[in-house]
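Analysis of the macromolecular model
Given next are the chains, with one letter for each unit.
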Amino acid sequence: MLQKISSYFYLRPKLVLWLTLGPPLAYMIIVYLGSLFNLLINSFYHLEPFSGLIVREFTLDTYARILEPANLEIFARTTVMAITVTIVDALIAFPLSYYIARFASPKLKTWLIIAVTLPLWSSYLVRVYAWKLILAKEGILSWFINLLGLSGALDAILSIPAIGGSSLALSPLGMFIVFAYIWLPYMIIPIQTALERVPHSLVEAAGDLGAKPLQTFRTVIFPLAFPGVVAGSIFTFSLTLGDFIIPLSLGNSKFFVGQAVYSYQGTAGDIPLAAAMTMGPVIIMVIYLLIARRLGAFDAL
Amino acid sequence: MPAIKFENVSRHFGDVKAVDQAGLEIRDGEFFSMLGPSGSGKTTCLRMIAGFDRPTSGHIYLYGKDVSSLPPYERDVNTVFQDYALFPHMTVADNIGYGLMVKKVAKPERGKRVDEMLELVQLSGFGGRKPSQLSGGQRQRVALARALINHPKVLLLDEPLGALDLKLRQQMQVELKMIQKRVGITFIFVTHDQEEALTMSDRIALFNNGKIEQIGSPAEIYEHPKSAFVAGFVGTSNLVSGDVAKRITGLDVTFSVRPEKIHLGSVNEKPPAEDYSSDGTIRDVVYLGLYTRYLVELDGGGDLVVVEQNLKSTSMDVLKNKGQRTRLHWNKEHISKMAG
């Protein structure tokens, strides 16, 4: 009986394909692309200001509102934050990944990878609130900085308008620290995988041909691991771009995209504007992914 | 002065003695092969010459200079890797010019020498391609050109033909030998293929269990194997010992004799005085086209393998020999007495 079933499927590879691929594909098309399409349609409606009702007619009015300076500023602020987080995460992740991939013994490697991914076991919200406490005015970080006698320096940094605030927890700088921390594992893992895949014989070949260790790194190891950096940056960039919890919990009153979407669709009830706002990161990500593909990021995934 | 000299070189990995007290001298300009089964220590020796590995004890000299603890980039040797190890993100020309690039040779000069190398390995016009666009044989040539462009004192080749099919391998064997003669560089060639070693080498070192069993020209190794291992690894051989050996030679020895040296005669034949002989029955006949292989059971016990070329005989003729009585004889010079 079992054999009959096996041979039935063996002789019909197309059926097997549709049975295995079909359900997730259907889910993707209906639930994911469907909602995205719904979002797109909603972004072309607009809110009647007096009645507060959504007018289901095609209009570009909502998009015109996106182009108002206040909203453009939100996009710029979010994109700058996403780029900064990505660059800093890449700078922190690369040396660590390099050590894990090339020097750590197999046993140590396992422990280090567990250490890197361990924060992902606890809730994202818990970690954000933990950071809120760490960065608070009376928090452990301020206490420690005070202990080192550097509170003057901290106050000086916090008085810089673009990044400062009344305390680390209520400043863009604090928000940046938390973003960089929260998304770091998503940068480390792809870089480490990419470095792991650089065959050791290539490193030996470079040395054999006269390249000193630094030259080998610059001409062989880094170029081959770069797609991993780009792959990691897709995560850190897109996750920062869309996040609303961290700007909501930390930082000051200045909006980020995710936060703006959250408040427009919630209290304001302006679904069309929220939808149009969401299209912003979608477009930015499409552009980013096209560049990433150029750089070979998808060969490393 | 020898190109490479090993002085009591050992390399231990924990309890494993990958190379154990190896001593050898490789002459300037010679095509030297390190032959042996996998795990015999030949590749470890090569890696120690290249600098990827360091001896646990002992010294390695490159033209008289002790290089035992120099890093690879300070040694005047280059390697052709088993998997070629071409840089996938660089073009063929950039791969070949890599050694000059890291030594900061000016671009025009580099381009000129890369072109010369492409010509030497018959790949002119392929400089702009990526390694992934080349066939196995072409990659092999790029790897060779990339190593030779640096004019190393010694070129190391780590089973470079292993991944090629038989036809291409034979063609590359001839080509490698020709290139070696043209550039006059000492080649050290690691292989587990005894035929390849016999075809190409001026001299061969035979490795077994981390030790060098024998060093000599292909003819010496083939005709006068010093140990049972050598006799068995290079070509096929009959190893005869104990009572059987005593009955044939009258001496208490162990000896080997090559199957093609044994004459398969009729029982009425009187063997020449300078021959050893033994009677037996043909138990098995395998027709292999070019030659036929016989398994002969000797009367007093023991088997000998005999091969005969099919100069006049057809498969029908030779297969009739099965079960026949025969008198085997071979010249006394064709046996190699073994130590132990």
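Keep in mind that what you see is a predicted model, and the values were worked out from it rather than measured. (Residues numbered from 1 in each chain as written. Chains lettered and ligands numbered in written order. Predicted model: local features only at pLDDT ≥ 70, side-chain atom pairs only at ≥ 80, totals over all residues.)

**Quick look at the packing of helix 4 (residues 69-102) of chain A against helix 11 (residues 213-242) of chain A**
Residues and elements named next belong to chain A. Interaxial distance between helix 4 and helix 11 falls to 8 Å at its minimum, and their mutual angle equals 140°. In terms of axis orientation, helix 4 runs oblique to helix 11. As for the relative orientation of helix 4 and helix 11, their crossing is right-handed in sense. For the pair formed by helix 4 and helix 11, the contact residues are Thr78, Met81, Ala82, Val85, Thr86, Asp89, Ala90, Ala93 and Phe94 on the first element and Val229, Gly232, Ser233, Thr236, Phe237, Thr240 and Leu241 on the second. Looking at the contact of helix 4 with helix 11 residue by residue, the class counts come to nine nonpolar, six polar and one charged. (Axes fitted to C-alpha atoms, helices over the stretch in contact; angles between N-to-C directions. Helix = DSSP H or I, 4+ residues; strand = E, 2+ residues; numbered from the N terminus. Parallel < 35°, antiparallel > 145°, perpendicular 65-115°, else oblique. Left-handed = near helix turned anticlockwise from the far one by under 90°. Contact = placed C-beta atoms within 7 Å. Nonpolar A, V, L, I, M, F, W, Y, C, P; charged D, E, K, R; others polar.)

**Points about the sheet that holds strand 6 (residues 77-80) of chain B**
All names here are of chain B. An order of 6-7-8-3-9-10 is seen for the six strands of this open sheet, with the pairing classed as mixed. Only two strands of the sheet have a single partner each, and these edge strands are strand 6 and strand 10 (211-216). On average, each strand axis in the sheet is tilted by 20° relative to the strand beside it, whichever way the strands run. Where strand 9 (residues 203-208) lies against strand 10, five bridges are found, and the strand directions are antiparallel. Directly across from Phe207, in strand 10, lies its bridge partner Ile212. (Pairing = 2+ DSSP bridges.)

**Here's the deal with the sheet that holds strand 13 (residues 263-265) of chain B**
Residue and element names in this part refer to chain B. The strand order across the open sheet formed by five strands is 13-17-14-15-16, and the pairing between neighbours is antiparallel. Pairing within the sheet leaves two strands with one partner each, and these edge strands are strand 13 and strand 16 (303-309). On average, each strand axis in the sheet is inclined to that of its neighbour by 45°, with strand direction left out of account. In this structure, strand 15 (residues 291-298) lies alongside strand 16, joined through seven bridges in antiparallel fashion. By the bridge assignment, Arg293 is partnered in strand 16 with Val307.

**A few points about the interface of chain B and chain A**
At the interface, 18 residues of chain B touch 15 residues of chain A. Contributing elements (two or more residues each) for the side of chain B that touches chain A: strand 6 and helix 3 (98-102) of chain B. Of the residues in the side of chain B that touches chain A, the class split is 10 nonpolar, five polar and three charged.

**Section: the nonpolar core**
Counting 130 residues, the largest nonpolar core has Ile49(B), Ile188(B) and Leu206(B) as its most contacted members. The dominant element in this core, judged by the number of residues it contributes, is helix 9 (residues 172-196) of chain A, at 14 residues. Discounting residues that sit within four places of it in the chain, Ile49(B) has contacts with Ile4(B), Ile60(B), Val77(B), Leu156(B) and Ile188(B). With 14 residues, the next largest nonpolar core counts Phe255(B), Val257(B), Tyr294(B) and Trp330(B) among its residues. (Core = buried A, V, L, I, M, F, W, Y, C linked by C-beta atoms within 7 Å. Buried ≥ 20, exposed ≤ 12 C-beta atoms within 10 Å, placed from the backbone.)

**Some remarks on the environment of Phe226(A)**
All names here are of chain A. Residue position: Phe226 is located in helix 11. Residue classification places Phe226 among the partly exposed positions, given that 17 C-beta atoms sit within 10 Å. Sequence separation of Phe226 and Ile284 is 58 residues, and the distance between their C-alpha atoms is 21 Å.

**A word on helix 7 (residues 140-147) of chain A**
Here helix 7 of chain A lies mainly on the outside; zero of its eight residues are buried. Positive phi shows up at Gly149(A), right after helix 7 of chain A, with a value of about 75°.

**Section: the confidence of the model for chain A**
The predicted model of chain A has a mean per-residue pLDDT of 86, with 98% of residues at 70 or higher. Mean pLDDT values over the elements of chain A span from 77, in strand 2 (residues 54-55) of chain A, up to 93, in helix 10 (residues 200-208) of chain A. (pLDDT = per-residue confidence, 0-100.)

**Brief notes about helix 5 (residues 136-148) of chain B**
All names here are of chain B. Here helix 5 is 13 residues long and its end C-alpha atoms lie 19 Å apart, about the 18 Å a rise of 1.5 Å per residue gives. Most of helix 5 sits inside the fold, with 10 of its 13 residues counted as buried. All of the buried residues in helix 5 are Arg139, Gln140, Arg141, Val142, Ala143, Leu144, Ala145, Arg146, Ala147 and Leu148. (Expected span 1.5 Å × (residues − 1).)

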